[in-house]
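Each chain, written out:
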2 protein chains.
Amino acid sequence: MTVTAAAGFEAAGIAAGIKRTGALDLALILNRGPSAAAAAVFTSNRAKANPIIWSQQVVADGRVRAIVLNSGGANCFTGHQGFQVTHRTAEAVASALDIGAGDVLVCSTGLIGEQLDGEVLEEGVVSAVARLTTDGGDNAARAIMTTDSVPKTAVRTGDGWTIGGMAKGAGMLAPGLATMLVVITTDADLPASDLDQALRAATRVSFDRLDSDGCMSTNDQVTLMASGSSGVVPEASAFTEALTEVCLDLAMQLLADAEGASHEIAIEVRGAVTEDDAVTVARSVARNNLFKAAIFGNDPNWGRVLAAIGTTDAPFDPYLVDVSMNGVRVCHAGGPDAPREDVDLTPRATHVLVELHAGPASATVWTNDLTHDYVHENSAYSS
Amino acid sequence: MTVTAAAGFEAAGIAAGIKRTGALDLALILNRGPSAAAAAVFTSNRAKANPIIWSQQVVADGRVRAIVLNSGGANCFTGHQGFQVTHRTAEAVASALDIGAGDVLVCSTGLIGEQLDGEVLEEGVVSAVARLTTDGGDNAARAIMTTDSVPKTAVRTGDGWTIGGMAKGAGMLAPGLATMLVVITTDADLPASDLDQALRAATRVSFDRLDSDGCMSTNDQVTLMASGSSGVVPEASAFTEALTEVCLDLAMQLLADAEGASHEIAIEVRGAVTEDDAVTVARSVARNNLFKAAIFGNDPNWGRVLAAIGTTDAPFDPYLVDVSMNGVRVCHAGGPDAPREDVDLTPRATHVLVELHAGPASATVWTNDLTHDYVHENSAYSS
């Protein structure tokens, strides 16, 4: 049910002809209200796609009625002509639904630097509007897939209210603020400012901690829309908790479907001075190609972990650090501990624990291994 | 001739039995003077190997008589016991040559986190001292190889003086200050302070601009030793220029022998506000796995270049940027320009030009592509 699990939402996912394969490539989600409160977080990449530039303006007033998303083209670095296509798409949605274009978010995903056909999008929008239904969430989730092998959806329910979401993403997974294309809907009745606060809290510990390949996208956007249809005003803490669960659920689905990966790796850093330090240290490991290749080879090469964290400026003494892999402490106080052979790295789920012994803070960053299939997928196909 | 090209130096490269394969694994270089002036730059990784910790102390007074280097083990994160091995190795060299251990540099390379056998090293040193000759440079260059497929050496001559050098390195190529193991000798008569200044100027635009795989080593060291044997005191500018040529020559040999690479990629950034900005922008491209995989696939995917540079905080407008690949401008002012099909990426030598149009500064960073062989070499073997 995904984005249509919460009351007040309708969705559609159709084949508009943007993808040459004829696959679903255009999703539309409508918030029927009574509320139109919304919040969104965007990529922190300064190279921003046209839909990002548009959507940042639209969401500024905390009010969104509809969001249209296309796969098959990122509409990024396509100049003035590309921005016109984004604008035209929003106008087409507004016209067909009799709402204002300033309440329509646009998201695009696909190859950078290629023009989208505005006419194809316009016709697609008309067709999508005609197919909006309260059970269209699954088709919408399929329509935003690019190299994804499966659609990603998640639902959590609270006391009289529901949160549902969908996500796409299988490469360029290394957000700075938001990540990938994610739409989350709820029938809770919360104002835009509360949604914004909850969304930033939830993404900070979920999508922001995902660093599959160190490459930040130009098109990332996470949108939260509230219809207020349940009439329930949840406690902020309960809502944020459920929203965080939805975000983490979707993030782990993105991780599991990352291009060519054979391991999902949780890099947990404990004993940092601050949480930011813990994230910095964990991310330095997540981005180290030698470490990532070693995990692919089931090689518990803890020296590469220490070489990676030594490049950070987080306060800790490298010679006091412990490193454990899948429960086996292979490095103690910056020296060899249990034999490498004791570590079993054959399961996909991999846990690397780095204990800094410098303070009370901790954080986990999730990444993937560096595999032949990653190189193959990203060298053989333009994306 | 390499490190024995300059008068006043003797070298040896022997098989001490550190490597199980029986290959050459221990190099020794002696400066017979009359000068013992020296300078060195070290990895900026805070995770430093024991030989780095030792050598930083030794070179502090600008005086070095000998340098001993082993492959087959990095002696990094091997604790107090590992430091004792480094110390014992320096003492063995000092004792056999009747010099002070405080004038003996030590370098190690190989797997992190494994103890070296002090006795094997000690016996190796005695054997190496016995084989010191003025034409031992080639053997020394071979003895420091790990996953290198060829030894790397370079020589330049000035007006009555000579500079010769050797280098090893094929992975973990992403220096912060110095890089890899490099020894350079000269018979010019210059004090340590001049050598230090020349060395920092030369490494800043050579080894420091090499970023093969984004992974900074724990053992990197570049050492420059002067015997003064020529009796010639060169002009600082002429000496620095020749030294820079030797460093660039060795750096390009490292680039060409990088593990599994199929392209050498020069990323030239022009029009930056400062040289540091140009380096930052170029390095962000050099470290982008999606870009590197695209080059492997001969795919001129300029969108990945822009997505990479958009993550930096260097001052420029992404929508004014031009990108050329091997002479074809595929992106102009942040939009599509010449067709991608016009770009031929089949040659190993690849040139990516990024014009920021923000200022007068420029810089080039060299990197490699991300290939199946890189993944294979770094997943199948511990190193």
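Nothing here was measured: the structure is a model prediction, and the numbers come from that model. (Residues numbered from 1 in each chain as written. Chains lettered and ligands numbered in written order. Predicted model: local features only at pLDDT ≥ 70, side-chain atom pairs only at ≥ 80, totals over all residues. Heavy atoms only, no water.)

**Student:** Which residues make up the pattern of salt bridges, and what are the values?
**Tutor:** In this structure the tally under the stated criterion is 28 salt bridges over all chains. Measuring nitrogen to oxygen at the nearest pair gives 3.0 Å for the salt bridge that ties Glu 122 of chain A to Arg 88 of chain A. With Glu 122 of chain A in helix 3 (residues 118-130) and Arg 88 of chain A in helix 2 (residues 79-97), this pair connects stretches of sequence that are 34 residues apart. Judged by its relative accessible area of 30%, Glu 122 of chain A is partly exposed. For Glu 275 of chain B, the salt bridge identified is with Arg 204 of chain B, shortest N-O distance 3.3 Å. Of the two residues, Glu 275 of chain B sits in helix 7 (residues 275-286) while Arg 204 of chain B sits in helix 5 (residues 192-204), which places them 71 residues apart along the sequence. On the basis of relative accessible area, Glu 275 of chain B is assigned to the partly exposed category, the value being 29%. (Salt bridge = Lys/Arg side-chain N within 4 Å of Asp/Glu carboxyl O. Helix = DSSP H or I, 4+ residues; strand = E, 2+ residues; numbered from the N terminus. Buried < 20%, exposed > 50% of the residue type's maximum accessible area, 1.4 Å probe, protein only.)

**Student:** Account for the sheet that holds strand 15 (residues 361-368) of chain B, with residues named and values stated.
**Tutor:** Residues and elements named next belong to chain B. An order of 13-12-11-14-10-15 is seen for the 6 strands of this open sheet, with the pairing classed as mixed. Two strands in the sheet have a free side with no partner beyond their single neighbour: strand 13 (335-336) and strand 15. With 7 bridges joining them, strand 10 (residues 264-272) and strand 15 adopt antiparallel strand pairing. Note on strand 15: the bridge partner recorded for Ile 267 is Val 365. Lying on the sheet, helix 6 (residues 236-256) is in contact with strand 10 and strand 15; it crosses strand 15 at an angle near 40 degrees. (Pairing = 2+ DSSP bridges. Contact = heavy atoms within 4.5 Å. Axes fitted to C-alpha atoms, helices over the stretch in contact; angles between N-to-C directions.)

**Student:** Quick one: what's the story with helix 7 (residues 275-286) of chain A, residue by residue and with numbers?
**Tutor:** Residue and element names in this part refer to chain A. With 12 residues, helix 7 should reach 16 Å at 1.5 Å per residue; the first-to-last C-alpha distance of 16 Å fits that figure. Among the 12 residues of helix 7, 9 are classified as buried, and the element is accordingly described as predominantly covered. All of the buried residues along helix 7 are Asp 277, Ala 278, Val 279, Val 281, Ala 282, Arg 283, Ser 284, Val 285 and Ala 286. Elements that come into contact with the buried residues of helix 7 comprise strand 10 (264-272), helix 8 (289-296), helix 9 (302-309) and strand 15 (361-368). (Expected span 1.5 Å × (residues − 1).)

**Student:** Any chance you could break down the relation of the copies chain B and chain A for me, citing the residues and the numbers?
**Tutor:** When chain B is brought onto chain A, the operation consists of a screw motion whose angular component is 180 degrees and whose axial shift is 0.0 Å, with 0.0 Å RMSD remaining. What the superposition gives is, in effect, a two-fold axis relating one chain to the other. Ranked by how close their C-alpha atoms come to the rotation axis, the residues of chain B are headed by His 372 of chain B, at 2.7 Å. By residue overlap, the copies meet face to face through one surface: 100% of the interface positions of chain B are interface positions in chain A. (Least-squares fit on C-alpha atoms with pLDDT ≥ 70 in both.)

**Student:** Which residues make up the sheet that holds strand 8 (residues 181-186) of chain B, and what are the values?
**Tutor:** Residues and elements named next belong to chain B. An order of 3-9-8-7-6 is seen for the 5 strands of this open sheet, with the pairing classed as mixed. Either end of the sheet is taken by a strand with one partner, and the two such strands are strand 3 (37-42) and strand 6 (152-157). The average angle at which neighbouring strand axes cross in this sheet is 10 degrees, direction not considered. Bridge analysis of strand 6 against strand 7 (residues 162-168) gives 6 bridges, and the strand direction is antiparallel. Bridge pairing links Thr 157 to Thr 162 in strand 7. Relative to strand 3, helix 1 (residues 50-59) is tilted by about 145 degrees, and along the sheet it contacts strand 3 and strand 9 (221-226). Its contacts with the sheet place helix 6 against strand 6, strand 7, strand 8 and strand 9, and it is angled at close to 160 degrees to strand 6.

**Student:** I'd love a proper account of unusual backbone geometry, names of residues and values included.
**Tutor:** In this chain, Gly 33 of chain A is followed by Pro 34 of chain A through a cis amide linkage whose omega measures 20 degrees. For Pro 34 of chain A, the position within the fold is in the loop between strand 2 (26-31) and strand 3 (37-42). If you check the backbone angles, Asn 75 of chain A has positive phi at about 50 degrees while not being a glycine. Following the sequence through the fold, Asn 75 of chain A ends up in the loop between strand 4 (66-70) and helix 2. Look at Asn 326 of chain B: it is not a glycine, yet its phi comes out positive at around 45 degrees. Among the secondary structure elements, Asn 326 of chain B is positioned in the loop between strand 11 (322-325) and strand 12 (328-332). In this structure Asn 326 of chain B comes out as partly exposed when scored by relative accessible area, which is 26%.

**Student:** I'd like to hear about the interface of chain B and chain A, residue by residue, with values.
**Tutor:** If you look at the interface, chain B gives 56 residues, while chain A gives 56 residues. Of the roughly 4400 Å² buried between chain B and chain A, counting both surfaces, carbon and sulfur atoms make up 55%. It is Arg 46, Phe 77 and Leu 290 of chain B that lose the most area in chain B upon contact with chain A, and together they represent 18% of the buried surface on that side. Inspection of the chain B/chain A interface yields 2 salt bridges. Here chain B and chain A share 18 residue pairs in polar contact (both at pLDDT 80 or more) between them. Contributing elements (two or more residues each) for the side of chain B that touches chain A: helix 8 (289-296), helix 9 (302-309), strand 13 and helix 10 (372-380) of chain B. Split into classes, the residues belonging to the side of chain B that touches chain A amount to 26 nonpolar, 22 polar and 8 charged. (Buried area = accessible area lost by both parts, 1.4 Å probe. Polar contact = N/O pair within 3.5 Å; in protein donor to acceptor, adjacent residues only side chain to side chain. Nonpolar A, V, L, I, M, F, W, Y, C, P; charged D, E, K, R; others polar.)

**Student:** Outline helix 3 (residues 118-130) of chain B, supporting the account with residue identities and numerical values.
**Tutor:** Residue and element names in this part refer to chain B. Taking 1.5 Å as the rise per residue, helix 3 with 13 residues should run 18 Å; its terminal C-alpha atoms sit 19 Å apart, in good agreement. Among all positions of helix 3, only Gly 118, Leu 121, Gly 124, Val 125, Ala 128 and Val 129 are buried. Projected onto a plane normal to the axis of helix 3, the buried residues spread over an arc of 135 degrees and lie on a single side. Summarising the geometry of helix 3, the exposed residues directed more than 90 degrees from the buried face are Glu 123, Val 126 and Ala 130. Looking at the buried positions of helix 3, the neighbouring elements they touch are strand 1 (9-14), strand 2 (26-31), strand 4 (66-70) and helix 2 (79-97). A side-chain oxygen of the first residue of helix 3 lies 2.9 Å from the backbone nitrogen of Glu 119; this N-cap is Asp 117. (Arc of directions from axis to C-beta.)

**Student:** Report on the environment of Ala 251 of chain B, specifying residues and quantitative values.
**Tutor:** Residues and elements named next belong to chain B. By the secondary structure assignment, Ala 251 is in helix 6. Among the residues examined, Ala 251 registers a relative accessible area of 0% and is labelled buried. With sequence-adjacent residues up to four places away left out, Ala 251 is seen in contact with Ser 206, Phe 207 and Leu 210.

**Student:** Talk me through the packing of aromatic side chains; I want residue IDs and the actual numbers.
**Tutor:** Residue and element names in this part refer to chain B. Tallied over the full model, the rule gives 6 aromatic pairs over all chains. Consider the rings of Trp 161 and Phe 239, whose centres lie 5.6 Å apart with planes at 50 degrees: the pair is tilted. Of this pair, Trp 161 sits in the loop between strand 6 and strand 7 while Phe 239 sits in helix 6; the two residues are 78 residues apart in sequence, bridging distant segments of the chain. Phe 239 sits in the buried class, given a relative accessible area of 1%. (Phe/Tyr/Trp six-rings, centres within 6.5 Å; stacked < 30°, edge-to-face > 60°.)

**Student:** For the domain arrangement of chain A, give the residues involved together with the corresponding values.
**Tutor:** All names here are of chain A. If you check the domain split of chain A, you get domain 1 (2-256) and domain 2 (264-380). The C-alpha centroid of domain 2 is placed 32 Å from the C-alpha centroid of domain 1. Residue-level contacts link 16 residues of domain 1 with 15 residues of domain 2. Between domain 1 and domain 2, a total of about 1300 Å² is buried, with carbon and sulfur atoms accounting for 43% of that surface. (Domains from an automatic or database assignment.)

**Student:** Quick one: what's the story with the packing of helix 2 of chain B against helix 3 of chain B, residue by residue and with numbers?
**Tutor:** All names here are of chain B. Direction vectors running N to C along helix 2 and helix 3 enclose 25 degrees, while the axes themselves pass 9 Å from each other. Taken together, helix 2 and helix 3 sit at an angle that is classed as roughly parallel. Crossing of helix 2 over helix 3 shows right-handed handedness. Where helix 2 abuts helix 3, its residues Val 85, Arg 88, Thr 89, Ala 92, Val 93, Ala 96 and Leu 97 lie against Gly 118, Glu 119, Leu 121, Glu 122, Val 125 and Val 129. Split by residue class, the contact of helix 2 with helix 3 holds 8 nonpolar, 2 polar and 3 charged. (Parallel < 35°, antiparallel > 145°, perpendicular 65-115°, else oblique. Left-handed = near helix turned anticlockwise from the far one by under 90°.)

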